[in-house]
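# Tertiary structure, described
For reference, the chains in residue letters:
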Amino acid sequence: METKEKIDLLTETFRARFDAFTNGCDSLEEIEAWDVEEYGDMDVYYLNEILSIILRLIVVDGKISSREVEYLNKNFGFEYSREELEEICAGTLSELYDSFEERIASDITLMGDVNVKLAEEFKELVELVCNIIAESDENIAEEEREEIRKMKAVIKAC
C-alpha cells in the first residue's frame, strides 16, 4: 500500500474512532460522571490533549513538513498553513514539554476513574495519532521516532 493511501486510511480510522470517542464523552457528561465545572467539556479536554501530543510530535525534529500539516488539517478539519502552525508551536513550546508525560498519564488515570473503556479508547487514539504523524513525515527524524516511542511507553504504562 502506498504511503499516502496508508495515511488516508489511518486518518479515516482516526476520524471515525474520534467521533465515537466524543459521543462517549458526551454520554458521560449526560450522566454527570465527568465534572464539567472543574474540567470543562470532556471531549474538548481530551481533544486538547491529543492536539498537544500531535504538536509535540510534529515539532520535536525542529521542522514541520507540509504533509504533517495536511494530515493535521484532515484529521480535525483545520485549515492551517505550515507557517501558521510554526507560529502556534513557537508560542507554546514550553507547554508542550513541561511535565508532559506526567500530565498525559494523569489525564489517562482521570479518565480511567470515570470510564475504563473510554480511557482505553483514548490510549488507542493516541497510538493512532503517533502512527499518522510517523507516516506523514517524509523523512522521519530520530528525535521524532524517540518521541513516539516515549509517548507509546507512557500510554502503555497507564
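## Examining the overall build of the protein
Summing up its helical and strand segments, the protein has eight helices and zero strands in all. The helix and strand sequence of the protein, counted from the amino end, reads α-α-α-α-α-α-α-α. For the protein, the C-alpha radius of gyration of 15 Å lies close to 15 Å, the compact-globule estimate for 158 residues. Seen along its three principal axes, the alpha-carbon backbone of the protein occupies a region of about 45 × 35 × 30 Å. A burial count over the protein gives 43% of its 158 residues as buried.

## Focus on the nonpolar core
One finds Phe-14, Phe-21, Tyr-46, Ile-50 and Ile-54 to be the most contacted residues of the largest nonpolar core, which totals 46 residues. Looking at this core, the elements with two or more residues in it are helix 1 (3–30), helix 3 (42–59), helix 4 (66–76), helix 5 (82–97), helix 6 (100–114), helix 7 (116–136) and helix 8 (142–157). Here this core takes 11 residues from helix 3, the largest share from any one element. Not counting the four nearest positions on each side in its chain, Phe-14 is found in contact with Ile-50, Asn-75, Phe-76, Leu-125, Leu-128, Val-129 and Ile-132.

## Details of the confidence of the model for the protein
It should be kept in mind that the predicted coordinates are not to be read in detail where pLDDT is low. Confidence in the prediction for the protein averages 87 pLDDT; 93% of positions are at 70 or higher. The secondary structure element of the protein with the lowest average pLDDT is helix 5, at 74, and the one with the highest is helix 2 (residues 36–39), at 95.

## Points about the side chain of Glu-29
On the secondary structure map, Glu-29 appears in helix 1. The contacts of Glu-29, once residues within four sequence positions are left out, are Trp-34, Val-36, Asp-41, Met-42 and Asp-43.

## What to know about the pattern of salt bridges
A full pass over the atoms with the stated rule returns 18 salt bridges. Residues Glu-101 and Arg-56 are paired through a salt bridge, measuring 2.9 Å at the closest nitrogen-oxygen approach. With Glu-101 in helix 6 and Arg-56 in helix 3, the pair connects residues that are 45 residues apart, well separated along the chain. Looking at Glu-101, the relative accessible area reads 26%, which means it is partly exposed. Look at Arg-56 and you get buried, because its relative accessible area is 2%. Across the pair Glu-70 and Lys-74 runs a salt bridge whose closest N-O atoms are separated by 3.8 Å. Here the residue Glu-70 and the residue Lys-74 both occupy positions in helix 4, the gap between them amounting to four residues, near one helical turn. For Glu-70, a relative accessible area of 33% translates into the label partly exposed. One network of salt bridges, in which partners are shared, links Lys-4, Asp-8, Glu-70 and Lys-74.

## Thoughts on the packing of aromatic side chains
Here a ring pair, both rings aromatic, is described through the centre-centre distance and the interplanar angle of the planes. Inspection of the entire model under this criterion finds 14 aromatic pairs. Here Phe-21 and Tyr-46 contribute two aromatic rings whose centre-to-centre distance is 6.4 Å and whose plane-to-plane angle is 85°, an arrangement assigned as edge-to-face. Taken as a pair, Phe-21 in helix 1 and Tyr-46 in helix 3 lie far apart in primary sequence, 25 residues in all. Three or more aromatic residues joined by ring pairs form one cluster here, namely Phe-14, Phe-18, Phe-21, Trp-34, Tyr-39, Tyr-45, Tyr-46, Phe-76, Phe-78, Tyr-80 and Phe-122.

## Structural notes on the side chain of Asp-43
Along the chain, the position of Asp-43 falls in helix 3. Sequence-distant contacts of Asp-43, that is, excluding residues within four places in its chain, are made with Thr-22, Cys-25, Asp-26 and Glu-29.

Conventions used here
- Residues numbered from 1 in each chain as written.
- Predicted model: local features only at pLDDT ≥ 70, side-chain atom pairs only at ≥ 80, totals over all residues.
- Heavy atoms only, no water.
- Helix = DSSP H or I, 4+ residues; strand = E, 2+ residues; numbered from the N terminus.
- Rg over C-alpha atoms; globule rule 2.2 N^0.38 Å.
- Buried < 20%, exposed > 50% of the residue type's maximum accessible area, 1.4 Å probe, protein only.
- Core = buried A, V, L, I, M, F, W, Y, C linked by side-chain atoms within 4.5 Å.
- Contact = heavy atoms within 4.5 Å.
- pLDDT = per-residue confidence, 0-100.
- Salt bridge = Lys/Arg side-chain N within 4 Å of Asp/Glu carboxyl O.
- Phe/Tyr/Trp six-rings, centres within 6.5 Å; stacked < 30°, edge-to-face > 60°.

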